[in-house]
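Read off the chains here:
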Amino acid sequence: LSSTLLIVILILSLIVQSSGCIGLALSHVFYHNGTLVYGGGNVGLMGVIADTVMRGGGKVVGVIPQALADREIANIGVTDLRVVDSMHTRKAMMAELSDAFIAMPGGFGTLEEIAEVMTWTQLGVHAKPCGFLNVDGFYDPLLKLFDTMVDVGLLKESNRSIALAHAEPAGLLRLLADWHAEV
């Protein structure tokens, strides 16, 4: 995995307690290999992970829309906080700054953002790996749906391989590092 990584996430209360462990696993990677790119907030799971990465010596870039920054939820303690005009600009900037994408357990926003970057990989807009941190099998039903899409002919097997998954942060990071786009 080269220099940066995007983690796409909203808060899931069931795993907030483990976020420090996830942050510690990621902080080692970012300390040695690059920068965490995320949505720029100081709340919830990603706020904890960003702070843990910073404490571990890693670099963190937060990208947050002005409307959210105005609500005082921007994490001003990150290495580089970029305030942008809209959610669309935020997503485009985060995708540009990132070399890979991780979806941790989350809600509609997480699902929408990871689906978009997987689609961009499928269409050749970029050639960046996309992974699901499948904590306690959270994404098993979604991954099964992807398999069903292949079985019924709605998704090519080569495109199914875009969606990587692992239960452990280190395992997922290895999968992302080893991934190569189909030509």
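To start, this report covers the structure provided alongside it. Just so it is clear, the structure is predicted and the values come from calculations on it, not from any experiment.

## Comments concerning the overall build of the protein chain
Counting secondary structure elements, the protein chain contains eight helices and seven strands. A separation threshold of at least 6 residues defines the contact pool for the protein chain, and within that pool the share at least 24 residues apart is 67%. Carbon and sulfur atoms make up 58% of the accessible area of the protein chain, which totals about 9200 Å².

## Brief notes about the side chain of asparagine 75
Looking at the element boundaries, asparagine 75 is found in the loop between α3 (66–70) and β4 (80–84). Setting aside anything within four residues of it in sequence, one finds asparagine 75 in contact with Tyr38, Gly40, Gly41, Asn42, Gly47, Ala50, Asp51 and Leu81.

## Observations regarding the packing of aromatic side chains
Counted according to the given criterion, the structure contains three aromatic pairs. Ring geometry for phenylalanine 132 and tyrosine 139: centres 4.7 Å apart, planes at 65°, overall edge-to-face. Accessibility expressed as a relative area gives 0% for phenylalanine 132, which makes it buried. Under the relative-accessibility criterion, tyrosine 139 is labelled buried at 5%. A ring pair is formed by phenylalanine 138 and tyrosine 139, whose centres lie 5.0 Å apart and whose planes are at 90°; its orientation type is edge-to-face. Joined through ring pairs, the aromatic side chains of Phe132, Phe138, Tyr139 and Phe146 make up one cluster.

## Quick word on the nonpolar core
Ile114, Met118 and Phe132 are the most contacted members of the largest nonpolar core, which totals 33 residues. The set of elements that each furnish at least two residues to this core consists of β2 (35–38), α2 (44–55), β5 (101–103), α5 (108–123), β6 (130–133), α6 (140–151), β7 (163–166) and α8 (169–178). It is α2 that contributes the most residues to this core, five residues altogether. With near-sequence residues (within four places) excluded, methionine 118 lies in contact with Cys130, Phe132, Phe146, Ile162 and Ala163. Core analysis: the second largest hydrophobic core is formed by five residues, Val61, Val63, Val84 and Met94 among them.

## Focus: the side chain of arginine 90
By the element assignment, arginine 90 lies in helix α4 (residues 87–97). Buried and without a salt bridge, arginine 90 has glutamate 113 as its closest oppositely charged side chain, separated by 5.3 Å. Reaching out from arginine 90, the side chain makes a polar contact with the backbone oxygen of valine 63 at a distance of 2.9 Å. Not counting residues within four places of it along the chain, the set of residues in contact with arginine 90 comprises Gly39, Gly40, Val63, Ile64, Pro65, Leu68 and Val84.

Rules and cut-offs
- Residues numbered from 1 in each chain as written.
- Predicted model: local features only at pLDDT ≥ 70, side-chain atom pairs only at ≥ 80, totals over all residues.
- Heavy atoms only, no water.
- Helix = DSSP H or I, 4+ residues; strand = E, 2+ residues; numbered from the N terminus.
- Contact = heavy atoms within 4.5 Å.
- Areas by Shrake-Rupley, 256 points an atom, 1.4 Å probe, with all protein chains shown as cover.
- Phe/Tyr/Trp six-rings, centres within 6.5 Å; stacked < 30°, edge-to-face > 60°.
- Buried < 20%, exposed > 50% of the residue type's maximum accessible area, 1.4 Å probe, protein only.
- Core = buried A, V, L, I, M, F, W, Y, C linked by side-chain atoms within 4.5 Å.
- Lys, Arg positive; Asp, Glu negative; His and termini not counted.
- Salt bridge = Lys/Arg side-chain N within 4 Å of Asp/Glu carboxyl O.
- Polar contact = N/O pair within 3.5 Å; in protein donor to acceptor, adjacent residues only side chain to side chain.

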